[in-house]
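Here are the chains, one letter per residue:
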Amino acid sequence: MDYAHTIITYNAILATTGKMLTAAQNSEWDQLVSLEQECRKLTDSLKKNDTEPLLDKELQQKKVKIIHQILDNDAQTRAIIEPWMARLQDMLSINKRTRNLQQTYQPINNV
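Residues numbered from 1 in each chain as written. Predicted model: local features only at pLDDT ≥ 70, side-chain atom pairs only at ≥ 80, totals over all residues. Heavy atoms only, no water.

Participant: An account of the overall build of the chain is requested, with residue identities and associated values reported.
Facilitator: Helices and strands together make up the secondary structure of the chain, namely 3 helices and 0 strands. Sequence-ordered secondary structure for the chain, helices as α and strands as β, is α-α-α. Out of the 111 residues belonging to the chain, those deemed buried represent 24%. Within the chain, counting contacts between residues at least 6 apart in sequence, those at least 24 apart form 77% of the total. Surface exposure of the chain reaches about 8,500 Å², of which carbon and sulfur atoms provide 54%. (Helix = DSSP H or I, 4+ residues; strand = E, 2+ residues; numbered from the N terminus. Buried < 20%, exposed > 50% of the residue type's maximum accessible area, 1.4 Å probe, protein only. Contact = heavy atoms within 4.5 Å. Areas by Shrake-Rupley, 256 points an atom, 1.4 Å probe, with all protein chains shown as cover.)

Participant: Go over the pattern of salt bridges, please, and point to the residues and values.
Facilitator: All told, the structure shown has 2 salt bridges when counted by the stated rule. Between Glu-36 and Arg-40 there is a salt bridge; the shortest N-O distance is 2.7 Å. Placement of both Glu-36 and Arg-40 in helix 2 (residues 29-48) is noted, with a separation of 4 residues, approximately one turn of the helix. Among the salt bridges present, the one from Asp-74 reaches Arg-78, with a minimum N-O distance of 2.9 Å. One end of the pair is Asp-74 and the other is Arg-78, both in helix 3 (residues 57-105) and 4 residues apart, which spans about a single turn. (Salt bridge = Lys/Arg side-chain N within 4 Å of Asp/Glu carboxyl O.)

Participant: Mind laying out the nonpolar core, listing which residues take part and the relevant values?
Facilitator: Judged by nonpolar contacts, the single largest core of 17 residues is most densely connected at Ile-7, Tyr-10, Ile-13, Met-20, Leu-32, Ile-66 and Ile-70. Contributing elements (two or more residues each) for this core: helix 1 (3-25), helix 2 and helix 3. Ranked by residue count, the leading element in this core is helix 1, at 7 residues. Ile-70 has contacts with Tyr-10, Ile-13, Leu-14 and Thr-17, leaving out every residue within four places of it along the chain. (Core = buried A, V, L, I, M, F, W, Y, C linked by side-chain atoms within 4.5 Å.)

Structure below.
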């Protein structure tokens, strides 16, 4: 992977994480999942390249700036998602307990 492709890939990840943040802000959960998969493919493409090209100082600074923006998008997205996931987990837990109680105390008809 040459330096231009490396920067293009980081920019694509930045654009995708920006879309992920927008999807989270709009409660578009299916879109968020789809974008997360897209982001994973992009990051995997960076990981597959064992030897990232040496970047000059200007490109290295640009790369670092992009990474900070990616991390900021991720942090904002997580701030939206984590409370929602906790509520969802609570609802699932309550439903499981309710089902267990219903099964435990259902009438036995075959006695």
